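Descriptive analysis of the structure
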Amino acid sequence: MPETIDEIDARLLAALGEDPRATAVALAERLGLSRNTVQARLARLEQRGVLRSFERRIDPARLGYPLRAFVNAQVDQRRLAEIGTALAGIPEVTEVCGLTGASDLMVQVVAVDADDLYRIAGHILASPGVERTNISLVMRELVPYRLTPLLDRVHSAQPDA
């Protein structure tokens, strides 16, 4: 089981989520910690893979890709590595997840318009090992990607020191 974060890490991550450009000094002042403690904890969180890429904060629509879709794919399971490499070679593919159930993969893509989505879907289907696809267009994002409620839960579950 992965190592979990403590209450101080949760507070630090929540503060960073609210102000991603905050300096270690600003975070230290806000949280009542020393700068060295903040820097050491941030380094440890990054090393452990808790802090991921900041690319999630970039809106693809602002890059000229206003359409987002999920392509569910059925694939030859024996070729997953090859399929992953092929899908990673398609710039409009933003994420690929392996699934249980009727579909094997969920491929998140962005596109300029419907014609562009059709072209991208063709590239996915032409990838070696991909047998069938089904596309769902995102019409509206009801709950954006977030982790703050989980950080709040970690913070509130810890007894006050």
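Residues numbered from 1 in each chain as written. Predicted model: local features only at pLDDT ≥ 70, side-chain atom pairs only at ≥ 80, totals over all residues. Heavy atoms only, no water.

A few points about the pattern of salt bridges
Quick reminder of the rule: Salt-bridge detection follows one rule: a side-chain nitrogen of Lys or Arg within 4 Å of a carboxyl oxygen of Asp or Glu. Think of it in three bands: with a 1.4 Å probe and only protein chains considered, a residue is buried below 20% of the maximum accessible area for its type, exposed above 50%, and partly exposed in between. A run of H or I in DSSP becomes a helix once it reaches four residues, and a run of E becomes a strand once it reaches two; helices and strands are each numbered from the N terminus.
In total, this model carries 10 salt bridges according to the counting rule given. Asp-76 serves as the salt-bridge partner of Arg-78, at 3.1 Å between the closest nitrogen and oxygen. The exposure class assigned to Arg-78 is exposed, which follows from its relative accessible area of 76%. For Arg-119, the salt bridge identified is with Glu-92, shortest N-O distance 2.8 Å. Placement of Arg-119 in helix α5 (residues 114-126) and of Glu-92 in the loop between α4 (80-88) and β2 (93-98) is noted, with a sequence separation of 27 residues between them. Salt bridges linked by common partners bring Asp-6, Asp-9, Arg-41 and Arg-44 together as one network.

A few points about the domain arrangement of the protein chain
Our working rule: Residue ranges assigned to the domains are those given by an automatic or database domain assignment.
The assigned domain composition of the protein chain is domain 1 (7-51) and domain 2 (60-138). Summarising the inter-unit geometry, the C-alpha centres of domain 1 and domain 2 are found 35 Å apart.

Here we look at the layout of surface pockets
Formally: Think of a 1 Å grid over just the protein atoms. A cavity is a set of points where a 1.4 Å probe fits yet cannot get out, a pocket is an open set with protein on both sides within 12 Å along at least five of seven lines, and lining residues have an atom within 4 Å of a point. Grid points are joined across faces, edges and corners, and a volume is the space filled by probe spheres set on the points. Any residue outside Ala, Val, Leu, Ile, Met, Phe, Trp, Tyr, Cys, Pro, Asp, Glu, Lys and Arg is labelled polar, Gly included; the first ten of those are nonpolar and the last four are charged.
Computed from the structure, the largest pocket encloses a volume of approximately 2100 Å³. The dominant element in the lining of the largest pocket, judged by the number of residues it contributes, is helix α6 (residues 148-157), at 4 residues. Residue classes in the lining of the largest pocket are distributed as 27 nonpolar, 7 polar and 12 charged. Both domains that furnish three or more residues to the lining of the largest pocket are identified here as domain 1 (7-51) and domain 2 (60-138).

Concerning the sheet that holds strand β4 (residues 130-137)
Our working rule: Two strands are counted as paired when DSSP detects at least two bridges linking them. To get an axis, a line is fitted to the C-alpha atoms, and for a helix only the part in contact is used. The angle between two axes follows their N-to-C directions and goes from 0 to 180 degrees. Here, residues are in contact when the closest pair of their heavy atoms is within 4.5 Å.
The sheet built from 4 strands is open, its strands ordered β2-β3-β1-β4 with antiparallel pairing. Each end of this open sheet is capped by a strand with a single partner; those strands are β2 and β4. On average, adjacent strands in this sheet sit at an angle of 20° to one another, irrespective of strand direction. Sheet topology note: the strand β1 (residues 67-75)/strand β3 (residues 105-111) ladder contains 7 bridges and is antiparallel. When the bridges of β3 are listed, Phe-70 appears paired with Gln-108. This element, α5, spans β1, β2, β3 and β4 of the sheet and lies at about 155° to β4.

Some details on the UniProt feature "domain: HTH asnC-type" (unreviewed entry) in the protein chain
What counts is decided by this rule: UniProt positions are given in the numbering used here, feature names are shortened, and annotations may be inferred rather than shown by experiment.
Those places that UniProt annotates as "domain: HTH asnC-type" (unreviewed entry) correspond, in this numbering, to residues 5-66. Annotated as residues 5-66, this span is 53% helix and 0% strand, and its ends, taken at the C-alpha atoms, are 35 Å apart.

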